[in-house]
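Each chain, letter by letter, is given below.
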Amino acid sequence: MSEIVAAEIQTTHIVDLARSGQRIDGRGLDDWRPVTVEPGFVKSADGSALVHVGASAVLCGVKLETGKPFGDTPNAGVLTTNAELIPLSSPTFEPGPPQPTAIELSRVVDRSIRAAETIDLTKLCVAPAEKCWICYVDLHVLDHGGNLIDTAQLAALAALTHATVPAKRFGVGEADYPLEVAHFPIECSFVRLGDRIVVDPTFEEEAAGQGRITVATDEVGNVVAMQKGKVGAFSPDEVVETVERAFQHGDRLRAIARAA
Amino acid sequence: MLPGDEIPDRGLRPGFGTYRMGSHLYASVLGYATWREPFVRIVPFAGRYAARTGDTVVGIVQDVQKTFWLLDIDAPRWAPLHVSGTPWDETPPGELDQHLRVGDAVLVAVEDLDPTGRIGVTLKGEGLGRLSGGTILHVSPARIPRVIGKGGSMIHTITRRTGTEVAVGQNGRIWVSGDADGIRRVRDCLRLIEEEGQRPGLTERIEGFLDMTGPTDGAGPAPSLSSEQGERRWEA
C-alpha cells in the first residue's frame, strides 16, 4: 500500500466546504493549526527540536562533526539534510530506501535553509581545504497529519537555533560554542481546493488538494525558496497571493520558533 | 488490564485480546476485561481495526480488476469484493467499472476471513451498497461501540439532533450525509466520544453538547441504512 486513494465523496465535501469559506476542522481558510516547538528534546544531539503542527509531529536532530570540505568549496563547511519517514507515522510509509516524498521533504527544507543563508557556511571552515564542520540536519517524521514540509522546516530551524558546536570534543577549540544562525527562513504551504487556496493543509486536505505550493520567506523580506507539488496549477495572481500570505504567516511563526 | 496480566476465566472461553498459556488466561492488549457468556474478552482502549466476520465496514475502492474490486477498509490489507458478492453478478468480466470506480465509497460486510489475513467482503445484505453524497469521518475502531451506544441510543440521538443520516462502519469509518453544519456537529460529537469515551455519563454530555450547539428539533430524517445494519450488530 504505497498510496491510498481518498474517497471521492470526502474530496468533494472538502472542496464544497472550502467554497463556502469553511474547513473540516472548523478553521478558516487562512488559519494554521496550533503550533508547538520544544527545542532541546534530544539531549544527546548537538541541537534538536520536536515540533507539532496539529496532528503532525516532526523531530529534528542536528549533529556536527569535523570532516574534509568539498573540493569546489574549500573555504566552506558542509550542510546536509536528511528526512526519515517512519512507517509508524502513516499507513503509506514503508521501510526501505527513501521514497520520493522523503526526498522532496529533505530537499525543500534544505533549500530554504541554504538559500536563506541561515548558517554562514564559511564560518564552519576550520582549515581551508583541510578541515571543516559537517552539519547534519536529520528530520524524523513521527506523525503524518499533513503539511510535513512546514512542520519539518520549523523543526530544522528551531534545532539549528539551539545547536552547539562541539569544538572541545573534536579538539578544534577550547570550549563548545553556540552555532551562529544568521537568518530565520519560514516555509508556508498551501493547497488548492476548488477555486480556494488554503494554508497549512491537513492530511485529508492534501489528499483532496489540486496542487500544492510552498513559499519560504525570511525575516528581511526575501522569498528564499519555493516548491510546487501535486497535480494542479496556480495562476500568476494566485502565486503572488500565496507569497503575500506566506510573509504574514512567516512573521508569526518566526516569533513562535524564536521564542521557544 | 495490561498485556500479560492474568485474567480469571470464570469458567468462560478465551475471546478477543486474550491468550491461554498452561491453564491460565492472559491479556494480550491494553484494555478492560469483560466476562459475558460464552467469552471472556478484552475491550481495547485503542488500536487498529481487527476484522471479524459479519462486521459492516466502509470501504474505498482502490483498484478494479476483471472480476473483483479491491477495497481499502483500514485493515492491514486491501479486501477483495468479488462481483459474485454484488447485485451486479451478471456483469461481463472487465466491465466492473460501470458499477464502482476507484475512489467510490461502499458499505460492505465482512464475509470471510482466512488464516493468511485475506478479508473477503460482500455487498449483498440489507442496507449495504454504494455511498453517494455526504462524507466520511473517522474515529478509533475501539470507540465504535460507544458511538453506537446501548441499542443504538447514541447514534440515534446524534442523527436525530443533527438532521443527518449516518452509516457506522466497524472499521472506524463513519459515513455522514446532511448539511455542512450537521456534519460538523457530528464530527464534534465523534471527537467528544473519542476523547471522553472512557468516562461515565457520556450520553448526557453529548446531549448537553447538542443542546449548546444547535436547535433541539427532532425533525431530522430517520436514520435509514445505518440503523438497520447497526441494529443487527447491536443485538449480536
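Predicted, not measured: the structure shown is a model, and the values here were computed from it.

Our next topic: the packing of helix α2 (residues 100-115) of chain A against helix α3 (residues 148-161) of chain A. All names here are of chain A. Two numbers describe how α2 lies on α3: the axes approach to 9 Å, and their chain directions differ by 50°. As far as their axial angle goes, α3 and α2 are oblique. Here the hand of the crossing between α2 and α3 comes out right-handed. Residue-level inspection shows Leu 105, Val 108, Val 109, Ser 112 and Ile 113 of α2 in contact with α3, the latter providing Leu 148, Ile 149, Ala 152, Gln 153 and Ala 156. For the contact of α2 with α3, a count of residues per class yields eight nonpolar, two polar and no charged.

Okay, the nonpolar core next. By size, the foremost hydrophobic cluster in this structure holds 63 residues, and its most contacted members are Val 58, Cys 60, Leu 139, Ala 152, Ala 155 and Ala 156 of chain A. Looking at this core element by element, the count peaks at ten residues for α3 of chain A. If we skip the residues at most four places from it in the chain, Ala 156 of chain A touches Cys 60, Val 109, Ile 113, Val 137 and Leu 139 of chain A. Among the nonpolar cores identified, the runner-up in size contains 52 residues, and Ile 60, Trp 78, Val 139 and Ile 183 of chain B belong to it.

Okay, the domain arrangement of chain B next. Residues and elements named next belong to chain B. Assigned domains within chain B: domain 1 (6-44), domain 2 (56-131) and domain 3 (135-235). Counting residues at the interface gives eleven residues for domain 2, matched by twelve residues for domain 3. Sorting the residues of the side of domain 2 that touches domain 3 by element identifies β7 (56-64) and β10 (105-113) as the ones contributing at least two each. The element best represented in the side of domain 2 that touches domain 3 is β7, accounting for three residues. Its residues assigned to classes, the side of domain 2 that touches domain 3 comprises seven nonpolar, two polar and two charged.

Procedures and definitions
- Residues numbered from 1 in each chain as written.
- Chains lettered and ligands numbered in written order.
- Predicted model: local features only at pLDDT ≥ 70, side-chain atom pairs only at ≥ 80, totals over all residues.
- Axes fitted to C-alpha atoms, helices over the stretch in contact; angles between N-to-C directions.
- Helix = DSSP H or I, 4+ residues; strand = E, 2+ residues; numbered from the N terminus.
- Parallel < 35°, antiparallel > 145°, perpendicular 65-115°, else oblique.
- Left-handed = near helix turned anticlockwise from the far one by under 90°.
- Contact = placed C-beta atoms within 7 Å.
- Nonpolar A, V, L, I, M, F, W, Y, C, P; charged D, E, K, R; others polar.
- Core = buried A, V, L, I, M, F, W, Y, C linked by C-beta atoms within 7 Å.
- Buried ≥ 20, exposed ≤ 12 C-beta atoms within 10 Å, placed from the backbone.
- Domains from an automatic or database assignment.

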